[in-house]
Amino acid sequence: RAMFTERVRQAIARGRRKGRCLAVIFLDLDDFKMINDSLGHAAGDEVLVEVARRLDANVRGADTAARFGGDEFAVLLEDVEGSQEAADAAQRILEMLALSMRAGHREVTVRGSLGISVAVADDARNAEELIRDADAAMYIAKRDGNGAYRLFEPAMHEGVLARLELRTDLQRAIDTGQLELYYQPVVRLVDGSVTGVEALLRWNHPERGMISPADFIPIAEETGLIIPIGRWVLREGCRHARRLEAASAERPPRMSINLSLKQIQHSDIVADVRDALEESGLRPDRLVLEITESVLMDNTDLAVERLRALKELGVGLALDDFGTGYSSLSYLARLPVDVLKIDKVFVNRVGQDCAEGRVAGAVVALATSLGLDTVVEGVETTWQLEVLRDHGCRVFQGYLWSRPLPPEQLGPVARDIRGAAVPVPAPYSAADPRVGPAAG
Ligand code: C2E
Ligand code: MG
Ligand code: MG
């Protein structure tokens, strides 16, 4: 790191004298932790050595490649024409990374995210600042999806700073009790019964207020914090499900808990689920784990194996957000899932177009023929409900019945829905702060 910084310093001085540009490329491997976790540290080391070798073979004599620490590398390109040339170099690095390599006894492919900062001859930034900016651009590349490069723009700083701050804060969030689970009922139309509740994570940040999982789960995944967070969600969700069970005279709702891809890839997942069940005393068949299709994308065999192992614990599995990803019906039959959750994108379109109700209905029919239960997510209006009902959809989740609620408010709402027992529930009154009006 020190030598690299020194070389950048010298290159800046030379560039100023000669009126030439230079570029710093910052490289961070994607999911490197996963290689370490799944193949072992020796294999991880082999990957790092091979990446270093490839970088070295790929730079010109006058350029410098360095390892910055962990899975971070940096490349200094001297004497470039401008950003296009630097971008071309970044593209070449991505391509050479993509070639498979040996690690342990396996062939693996790694990907990286790259950030580039280019300094023109009269650039005022010093070496540290150039490197920092390349690092910032790398963050953006990572956020936008792995395996890409980004050129630094000054506006990137703000976003990156906010993100770095959240990263640090998130580490404290678990210990200081800032994480909460909200619960959203899943409703069966025929009798208005609440067949399940889905646990949805909320971060009650001391300064920023409630942060949505869409904003912090990617950070949790990137930093590996999703493992302890996911463990907490499992324990807390199971504990609450047990409480619901104790409080309900009739059939208690099943508890749905979301798992992220990183959790499935992590070897402890089966033990974590088993521990949460044992600790809470919840019967395994009262728990449903929700996964998305992304689980299947990288290493399908491992994922299917893990899902089978989870299934053997006796829990239910749901495929979440069906219809948003690569939704291939062909693998549905291969997966040990019992529930298909049809994403709100289908429902949103129902507002404009009745034909969309047919699509959702057809998916429900198909799922049923495969022996799967279905839940349609994101129903907000009575109109959507009527269209979907007419096309054979029976079990729903959405703001029309209830938003996700903190545990202390869940009980009454669950009863209200059941008490109502109407095929097309009358929307709750707008005055009811728990539920809010049915939008639309
Ligand atoms: P999801 O599992 O598909 O959860 C459903 C999302 O749809 C929730 O968003 C819920 O609040 C929202 N929703 C429910 N009904 C309606 C509706 O009628 N209209 C609209 N527009 N939205 C509705 P939320 O709580 O923001 O969660 C977003 C995503 O974050 C979840 O999507 C899930 O993928 C993830 N997530 C939440 N909690 C956890 C967790 O504990 N672990 C992991 N790994 N992921 C989680
Ligand atoms: Mg879900
Ligand atoms: Mg969903």
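You'll find the structure just up there.
Per chain, the residues get numbers from 1 upward, laid out in the order the sequence is written. Lettering of chains starts at A and numbering of ligands starts at 1, both following the order in which they are written. Whole-chain, interface and lining totals are the exception, using all residues; otherwise, since this is a predicted model, local features are given only for residues with pLDDT of at least 70 and side-chain atom pairs are given and counted only at 80 or more. Side-chain measures were taken over the full set of non-hydrogen atoms in the model, leaving aside hydrogen atoms and water.

*Asks:* Describe unusual backbone geometry, and please don't skip the residues or the numbers.
*Replies:* Positive phi, normally seen in glycine, also occurs at D31, with a value near 55°. With respect to the secondary-structure elements, D31 resides in the loop between β1 (21-29) and α2 (32-39). Look at D79: it is not a glycine, yet its phi comes out positive at around 60°. A run of H or I in DSSP becomes a helix once it reaches four residues, and a run of E becomes a strand once it reaches two; helices and strands are each numbered from the N terminus. With respect to the helices and strands, D79 occurs in strand β3 (residues 72-80).

*Asks:* Please provide a residue-by-residue account of the coordination of the magnesium ion (ligand 3), values included.
*Replies:* Working reference: metal with six octahedral donors, ideal angles 90 or 180 degrees; metal with four tetrahedral donors, ideal angle 109.5 degrees. Here the coordinating atoms are restricted to nitrogen, oxygen and sulfur within 2.8 Å of the metal centre, or 3.2 Å for Na, K and Ca, and because water is not among them the sites may look incomplete. For the magnesium ion (ligand 3), the full set of protein donor atoms is D320 (OD), D321 (OD), E377 (OE) and E377 (OE), and the range of their distances to it is 2.0 to 2.7 Å. Binding-site remark: the magnesium ion (ligand 3) is held by donors from one chain whose sequence spacing is D-D-x55-E. Separating the magnesium ion (ligand 3) and the magnesium ion (ligand 2) is a distance of 4.1 Å, and D320 donates to both of them. Exposure remark for D320: the relative accessible area of 5% places this residue in the buried category. Relative accessible area decides the class of each residue, using a 1.4 Å probe on protein chains only: under 20% of the type maximum gives buried, over 50% gives exposed, and in between gives partly exposed. Residue classification places D321 among the partly exposed residues on the basis of a relative accessible area of 25%.

*Asks:* So what's going on with the sheet that holds strand β2 (residues 64-69)? Which residues, and what values?
*Replies:* Strands are treated as partners if at least two bridges between them are detected by DSSP. Reading across from one edge, β2-β3-β1-β6-β7 is the order of the 5 strands in this open sheet, with mixed pairing throughout. Every other strand in the sheet has two partners, leaving β2 and β7 (149-151) as the edge strands with one partner each. Geometrically, the sheet is characterised by an average inter-axis angle of 20° between neighbouring strands, direction not taken into account. Of the strand pairs in this sheet, β2 and β3 are connected by 5 bridges, and their pairing is antiparallel. Residue pairing for β3: A65 is matched across the bridge by V75. Contacts are assigned to residue pairs that have any heavy atoms within 4.5 Å of one another. Convention adopted: a line fitted to C-alpha atoms gives each axis, helices being fitted over their contacting stretch, and angles between N-to-C directions are expressed from 0 to 180 degrees. Each of β1, β2, β6 (112-119) and β7 is contacted by helix α5 (residues 127-143), which is oriented at about 140° to β6, the strand it contacts most.

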